[in-house]
Amino acid sequence: MSLTKSTLRTPRGGSWALSPEDRLYLEFADRFEQRYLNQGRTVRAINETLDQAWELLSMLPEASLKRIRAETIRKYYRRQDDHG
């Protein structure tokens, strides 16, 4: 059986066994898919797209953003308590 997001959400797939961090990454993947991959013909300015990207990235622990420069994180990353 291959593991997909849908099988991970079912008891048979073991979603109940995922760690809170794993669930967070799964939620991030869902939101990324909804906002970017399934956006259809949505037209928006690049700044709006980048703002949405940082909103999504800010769901993740700051320490997990290892491929992003520290100065960029300081400038754009929003702490969880900053955006409710």
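Quick caveat: nothing in here was measured; it's all calculated off a predicted structure.

Chemist: Got a sec to walk through the overall build of the protein? Specific residues and values, please.
Modeler: Along the backbone of the protein there are four helices and zero strands. When the helices and strands of the protein are read in sequence order from the N terminus, they spell out α-α-α-α. The long-range share in the protein, meaning contacts at least 24 apart out of those at least 6 apart in sequence, stands at 28%.

Chemist: Please give an account of the packing of aromatic side chains that cites residues and values.
Modeler: Scanning the entire structure with this criterion turns up three aromatic pairs. Aromatic pair tryptophan 54 and tyrosine 76: ring centres 5.8 Å apart, planes at 25°, arrangement stacked. Of the two residues, tryptophan 54 sits in helix 3 (residues 46–57) while tyrosine 76 sits in helix 4 (residues 70–76), which places them 22 residues apart along the sequence. By relative accessible area, which is 11% here, tryptophan 54 ends up buried. These aromatic residues form a ring-pair network of at least three members: Phe28, Phe32 and Tyr36.

Chemist: Describe the pattern of salt bridges, and please don't skip the residues or the numbers.
Modeler: Any two side chains of opposite charge can pair, on the condition that their charged atoms come close. In this structure the tally under the stated criterion is three salt bridges. With a shortest N-O distance of 2.6 Å, arginine 31 and glutamate 27 are connected by a salt bridge. Of the two residues, arginine 31 and glutamate 27 are both situated in helix 2 (residues 20–37); the distance of four residues between them amounts to about one turn of the helix. Of the charged contacts, one joins arginine 35 and glutamate 55 as a salt bridge, the two residues approaching to 3.2 Å between their closest N and O atoms.

Chemist: Report on the side chain of glutamine 52, specifying residues and quantitative values.
Modeler: Relative to the helices and strands, glutamine 52 is located in helix 3. We classify glutamine 52 as buried; its relative accessible area is 17%. The contact partners of glutamine 52, leaving out residues within four places of it in the chain, are Arg35, Tyr36 and Arg44.

Chemist: Please provide a residue-by-residue account of the nonpolar core, values included.
Modeler: Most often, soluble globular proteins have nonpolar side chains that are buried together. With nine residues, the main nonpolar core is built from Phe28, Tyr36, Trp54, Leu56, Met59, Leu60, Leu65, Ile73 and Tyr77. Setting aside chain neighbours within four positions, we find leucine 56 in contact with Phe28, Arg31, Phe32, Arg35 and Tyr36.

Chemist: I'd love a proper account of the packing of helix 2 against helix 3, names of residues and values included.
Modeler: Across the interface, helix 2 lies against helix 3 with an axial gap of 10 Å and an inter-helix angle of 165°. As far as their axial angle goes, helix 3 and helix 2 are roughly antiparallel. The chirality of how helix 2 crosses helix 3 is right-handed. Contacts between helix 2 and helix 3 involve Phe28, Arg31, Phe32, Arg35 and Tyr36 on the former and, on the latter, Thr49, Gln52, Ala53, Glu55, Leu56 and Leu57.

Criteria and thresholds
- Every chain's residues receive numbers from 1 upward, in the order its sequence appears when written.
- With pLDDT at 70 or above as the cut-off, local features in this predicted model cover only qualifying residues; side-chain atom pairs require 80 or more to be listed or tallied, and sums for whole chains, interfaces and linings still use all residues.
- Excluding hydrogens and water, the side-chain values take into account all heavy atoms of the structure.
- Helix and strand assignments come from DSSP, with helices taken as H or I runs of at least 4 residues and strands as E runs of at least 2, each series counted from the N terminus.
- Contacts were defined at the residue level, with two residues in contact if any of their heavy atoms lie within 4.5 Å.
- Only rings of Phe, Tyr and Trp enter the pairing, Trp through its six-membered ring, and a pair is recorded when the two centres are within 6.5 Å. The plane angle decides the type: under 30 degrees is stacked, over 60 is edge-to-face, the rest tilted.
- When a residue's accessible area, from a 1.4 Å probe over protein chains only, is under 20% of the maximum for its type it is buried; when over 50% it is exposed; and in between it is partly exposed.
- Salt bridge criterion: a side-chain nitrogen from Lys or Arg within 4 Å of a carboxyl oxygen from Asp or Glu.
- Remark: nonpolar core denotes a set of buried residues (Ala, Val, Leu, Ile, Met, Phe, Trp, Tyr, Cys) joined through side-chain atoms within 4.5 Å.
- Between N-to-C directions, angles cover 0 to 180 degrees, with each direction set by a line fitted to C-alpha atoms, over the stretch in contact for helices.
- Angles are sorted into four bins: roughly parallel if under 35 degrees, roughly antiparallel if over 145, roughly perpendicular if 65 to 115, and oblique for all others.
- For a crossing to be left-handed, the near helix must be turned anticlockwise from the far one by less than a right angle; the clockwise case is right-handed.

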